[in-house]
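# Architecture and fold: a report
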Amino acid sequence: MSSLTPDQKYDLITRNLQEVIGGDEIKKILAERDLKLYWGTAPTGRPHIGYFVPMTKIADFLAAGVEVKVLLADLHAFLDNMKAPLELVHHRVKYYEAIIKAVLTSIGVPIDKLKFVIGSDFELSKEYTMDSFKLAACITEHDAKKAGAEVVKQVASPLLSGLLYPGMQALDEEYLGVDCQFGGVDQRKIFVLAEKYLPQIGYKKRSHLMNPMVPGLAGSKMSASDPDSKIDFLDDAKAVQKKIKKAFCEEGNITENGLLSFIKSVYFPIKSLNTQEETKFVCPRPEKWGGDIIYKDYATLESDFAEKKLHPGDFKGGVIQALNELLDPIRKVFEDPEIMKLNTLAYPPPAPKEKKKKEKKKHGKPAEAGEKKEAPAAEEKKEVPAAEEKKENKE
């Protein structure tokens, strides 16, 4: 792929993205040398299938000769309203690295040129700390809060840590020595903050690339911290089937449909990476109802769904089959006992709740000193069951 022209590289770098900020600067760099870029992820909840979107773009970046760094942002995970307790962050960093490598390998992406960096390896340095203070003296509380609105967990009484998060993400661009940062479109406000404030402490502004967000199964974005909105990479076939069957998929609705978005943003782009295989999406259907429905492009699939030619039930069957096809090789990697151990350390099962012993209720008040205990009225006259009372009367 080194034979690509600068224009061809740019097209490959920017295809299927939702937005590019600073595209002209990227073109200038590509005319002289290969691009340097980083993608960061905070190791909080279990990674989900939404991560396939950045993975397919990382494949494009590498094919275009981009020098890619993957930042495992451990301190960010902690700062984000303590989504990841410090005692678990270390294990989750290793888990995220293992799962990202497994996902990339499963879709045929070579990982030998990828560089993984742990945030705390440089974010605790004297120089970084001083620059953080310089940024804190520039960034307003309003801008910091606004920048993190779609990324940092929003709560009624926000912690100060959530305001530090956007500035640190901006500063990472300088300390990782990159030309641009890549992330989801939900990061846009942080990218804008970086462009505004980095020059104020003497650093150049970078370009930014944004991929679309895959909606969750119930509507909003798929989130690692919301188990009801996502399918994890290690969910088994039964769990996948159960979640897809429950997912919102209204007949004819193509605007609020997470499953359609997944096929558009994940399945077809992944299949297009393999030029040896024909790209197709299959909706299994019994022969008596016409047999399988096969789509070779997303546009036809969307059109049929919009016109109600494709029933949600048939479409969901195709999604279940496609998902399990993508997840099977990742599941196999995690059958290794050592990697399974890592999974347990990163996400330990909740401790069983102790059953509270029921205390026997004591009737009546204990007699105080000097007081005589009176027998309860119920004991003075024992109630006799009606049947026994009649028997006594007969005798």
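Placed above this text is the structure.
Residues numbered from 1 in each chain as written. Predicted model: local features only at pLDDT ≥ 70, side-chain atom pairs only at ≥ 80, totals over all residues. Heavy atoms only, no water.

## Looking at the pattern of salt bridges
Our working definition: Criterion for a salt bridge: a side-chain nitrogen of Lys or Arg within 4 Å of a carboxyl oxygen of Asp or Glu. The numbering of helices and of strands both runs from the N terminus, where a helix is a DSSP run of H or I of at least 4 residues and a strand a run of E of at least 2. Classification of residues uses two cut-offs on accessible area relative to the type maximum, computed with a 1.4 Å probe and protein chains only: under 20% is buried, over 50% is exposed, and between them is partly exposed.
Tallying each qualifying case throughout the model produces 16 salt bridges. We note a salt bridge from Asp60 to Arg15, for which the minimum N-O separation is 2.9 Å. Note that Asp60 is positioned in helix 3 (residues 52–63) and Arg15 in the loop between helix 1 (6–14) and strand 1 (19–21), a separation of 45 residues in sequence. Accessibility expressed as a relative area gives 4% for Asp60, which makes it buried. Looking at Arg15, the relative accessible area reads 34%, which means it is partly exposed.

## Some points on the nonpolar core
The line we're drawing: To form a nonpolar core, buried Ala, Val, Leu, Ile, Met, Phe, Trp, Tyr and Cys residues must be joined to one another through side-chain atoms within 4.5 Å. Contact criterion: two residues are considered in contact whenever any of their non-hydrogen atoms come within 4.5 Å of each other.
Of all hydrophobic cores here, the largest spans 77 residues; its most connected members are Phe52, Ile263, Phe281, Leu301 and Phe315. If one sorts the elements of this core by residue count, helix 5 (residues 86–106) sits on top with 10 residues. Beyond its immediate stretch of four places on either side in the chain, Ile263 contacts Phe268, Pro269, Phe281, Tyr298, Leu301, Phe315 and Val319. By size, the runner-up hydrophobic cluster in this structure holds 28 residues, among which are Leu71, Ile139, Leu171 and Leu176.

## Things to note about unusual backbone geometry
Where the residue is not glycine, phi is negative for most of them; where a peptide bond is considered, it is trans in most cases. Positive phi is not limited to glycine here, since Asn16 has a value of about 65°. On the secondary structure map, Asn16 appears in the loop between helix 1 and strand 1. Residue class for Asn16 comes out exposed when judged on its relative accessible area of 53%. Its identity is not glycine, yet Lys308 carries a phi of approximately 65°, on the positive side. Mapping Lys308 onto the fold places it in the loop between helix 13 (298–306) and helix 14 (312–333).

## Re the environment of Lys316
Quick note on the threshold: For the purposes of these results, a polar contact is taken to be a pair of N or O atoms within 3.5 Å, where, inside protein, one atom must be able to donate a hydrogen and its partner to accept one; residues adjacent in sequence count only when each atom of the pair is a side-chain atom.
Along the chain, Lys316 falls in helix 14. Those residues within four positions of Lys316 in sequence are excluded, and the remaining contacts are Ile244, Lys245, Lys246, Ala247, Cys249 and Leu259. Among the polar contacts listed, one links the side chain of Lys316 to the backbone oxygen of Lys245, at a separation of 2.9 Å.

## Some points on the pairing of strand 3 (residues 67–72)
Here is the rule we go by: In this analysis, strands are considered paired if DSSP registers two or more bridges between them. Whether a crossover is right-handed comes down to one check: with the strands pointing away from the viewer, does the path from the first strand over the helix to the second run clockwise; if it does, it is right-handed.
Along strand 3, five of the six residues are buried, which leaves the element largely enclosed by surrounding structure. Sheet analysis places strand 2 (residues 36–41) next to strand 3, joined by six bridges and oriented parallel. Residue Trp39 lies in a different strand from strand 3, and its bridge partner there is Val70. Between the parallel elements strand 2 and strand 3, the chain passes through helix 3 in a crossover that is right-handed. Where strand 3 lies against strand 4 (residues 115–118), four bridges are found, and the strand directions are parallel. By the bridge assignment for strand 4, Leu72 is matched with Ile118.

## Quick look at helix 12 (residues 258–273)
Convention followed: Helices are assigned an expected span. That span is 1.5 Å times one less than the residue count. The quantity called bend is, for any residue, the angle between two axes fitted respectively to the seven residues ending at it and the seven beginning at it.
For helix 12, built from 16 residues, the straight-helix expectation of 22 Å at 1.5 Å per residue is met to within 8% by its first-to-last C-alpha distance of 22 Å. The largest bend along helix 12 reaches roughly 30° and is located at Lys264. In terms of burial, helix 12 is a largely internal element, 12 of the 16 residues being buried. Those residues of helix 12 that sit buried are Gly258, Leu259, Leu260, Phe262, Ile263, Ser265, Val266, Tyr267, Phe268, Pro269, Ile270 and Lys271. Its buried side turned inward, helix 12 meets helix 3, helix 11 (237–246), strand 7 (281–283), strand 8 (293–295), helix 13 and helix 14. Measuring from the side-chain oxygen of the N-cap residue of helix 12 to the backbone nitrogen of Leu259 gives 3.2 Å; that N-cap residue is Asn257.

## Some points on the sheet that holds strand 2
Our working rule: Geometry is summarised by axes, namely lines fitted to C-alpha atoms with helices restricted to the contacting stretch, and by angles between N-to-C directions that run from 0 to 180 degrees.
Here six strands make up an open sheet; going across it, the order is 1-6-5-2-3-4 and the pairing mixed. At either end of the open sheet lies a strand with only one pairing partner, and these are strand 1 and strand 4. Recorded for the sheet is a direction-independent mean angle of 25° between the axes of neighbouring strands.

## A few points about the packing of aromatic side chains
Convention followed: Each Phe, Tyr or Trp ring, with Trp reduced to its six-membered ring, pairs with another whose centre is within 6.5 Å; inter-plane angles below 30 degrees give stacked pairs, above 60 give edge-to-face pairs, and intermediate values give tilted ones. Either the NZ atom of lysine or the CZ atom of arginine qualifies as a charge over a ring when it sits within 6 Å of the ring centre and within 35 degrees of the ring normal.
Counted according to the given criterion, the structure contains 12 aromatic pairs. Here the aromatic rings of Tyr95 and Phe334 are separated by 5.7 Å at their centres, their planes lie at 65°, and the arrangement is edge-to-face. Taken together, the positions of Tyr95 in helix 5 and Phe334 in the loop between helix 14 and helix 15 (337–346) put the pair 239 residues apart, joining distant regions of the chain. Aromatic side chains Phe122 and Tyr128 sit 5.8 Å apart centroid to centroid with 75° between the ring planes, which places their arrangement in the edge-to-face category. The residues Phe122 and Tyr128 share a single accessibility class, namely buried. The rings of Tyr267, Phe268, Phe281, Phe305 and Phe315 are connected pair by pair, giving a single aromatic cluster. Sitting over the ring of Tyr10, Lys27 keeps its end group 4.8 Å from the ring centre.

## Some details on helix 15
The condition that has to hold: Of all possible arcs, the one meant is that of the directions from the helix axis to the C-beta atoms.
For helix 15, the set of buried residues is Leu342, Asn343 and Ala346. On an axial view of helix 15, the arc spanned by its buried residues comes to 100°, and they lie on one face. Turned more than 90 degrees off the buried face of helix 15, the exposed positions are Pro337, Glu338 and Lys341. The elements touched by buried residues of helix 15 are helix 5. Capping the start of helix 15 is the job of one residue whose side-chain oxygen sits 2.8 Å from the backbone nitrogen of Glu338: Asp336.

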